[in-house]
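Residue-level listing of the chains:
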Amino acid sequence: QQQVKQSPQSLIVQKGGISIINCAYENTAFDYFPWYQQFPGKGPALLIAIRPDVSEKKEGRFTISFNKSAKQFSLHIMDSQPGDSATYFCAAPSKAAGNKLTFGGGTRVLVKP
Amino acid sequence: GAVVSQHPSRVICKSGTSVKIECRSLDFQATTMFWYRQFPKQSLMLMATSNEGSKATYEQGVEKDKFLINHASLTLSTLTVTSAHPEDSSFYICSASSGGAYNEQFFGPGTRLTVL
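1. A short note on the pattern of salt bridges
Part 1 of the argument: Overall, the coordinates contain six salt bridges over all chains when judged by the stated rule.
Part 2 of the argument: Notably, a salt bridge pairs D53 of chain A with R51 of chain A, separated by 3.4 Å at the nearest N-O pair.
Part 3 of the argument: For E22 of chain B, the salt bridge is made with R24 of chain B, and the minimal N-O distance between the two is 3.5 Å.
Part 4 of the argument: By relative accessible area, which is 25% here, E22 of chain B ends up partly exposed.

Encoded structure:
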């Protein structure tokens, strides 16, 4: 049972464009929503994270928007660059489950120059 | 800060041999470490959770006798793939958590295991 559903599976965007990745969750016990960036052959790196008591968090070109009532959160990559080409995973930990992370299926982003 | 290392980065072994992968938190003490497996173009699959000084908790379907986990200190956890077979070939990734307010997990660079 997939508790975090991520879309789209892949995304192609032109340099300078906006990449938008969406995630929907089911478990209301989730209380922290991180996004990870993974390059081929490397481990995931924490990119940005949000708590459910705020609706938006921005760090540089990366913004998380959070909609608690809809149980959705999204990652926006502004002014996308070829170096942003990677796979992005949303995730959510559950304290009730020992803070195990439930990952979304991932989105492969390709930024064309 | 929050650096996690893994060793080796890649290993090739013959079928039937055992392989040990080390995961270290370099600049913080990790109360909990996690081991994941990732197949090409797929998401991370949690294999087990390990807490320092106690037995690991394995996810459903993961053979604990096949994948031995030891968390001997607050900075080191090891995963041993015993009697490896070609189907064990995969990308293994560890993560470590310092137990902060949100128990952020920091991931290692991964280990590519190829079993011939």
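2. Structural notes on the side chain of S80 of chain A
Residues and elements named next belong to chain A.
Part 1 of the argument: Summarising the element assignment, S80 is placed in the loop between β8 (72–77) and β9 (86–94).
Part 2 of the argument: By relative accessible area, which is 0% here, S80 ends up buried.
Part 3 of the argument: Of note is the side chain of S80, whose polar atom sits 2.9 Å from the side chain of S19.
Part 4 of the argument: Apart from the residues lying within four places of it in its own chain, the contact partners of S80 are V13, Q14, K15, G16, G17, I18, S19, R61 and V111.

Conventions used here
Per-chain numbering applies: the sequence of each chain, read as written, is numbered from 1 onward. Chain letters and ligand numbers both follow the written order, the letters beginning at A and the numbers at 1. In view of the model being predicted, local features appear only for residues whose pLDDT reaches at least 70, and side-chain atom pairs are presented and counted only at 80 or more, with totals across whole chains, interfaces and linings using the full set of residues. The basis for the side-chain values is all heavy atoms of the structure; hydrogens and waters are excluded. Whenever Lys or Arg places a side-chain nitrogen within 4 Å of a carboxyl oxygen from Asp or Glu, that contact is recorded as a salt bridge. Remark: exposure states derive from per-residue accessible area (1.4 Å probe, protein chains only) relative to the maximum for the residue type, with buried under 20%, exposed over 50%, and partly exposed in between. Helix and strand definitions here come from DSSP, where helices need a minimum of 4 consecutive H or I residues and strands a minimum of 2 consecutive E residues; each element is numbered from the N-terminal end. What qualifies as a polar contact is a pair of N or O atoms within 3.5 Å, subject to a donor-acceptor requirement within protein and to the restriction that residues adjacent in sequence count only when both atoms come from side chains. Any two residues whose heavy atoms approach within 4.5 Å at even a single point are treated as in contact.

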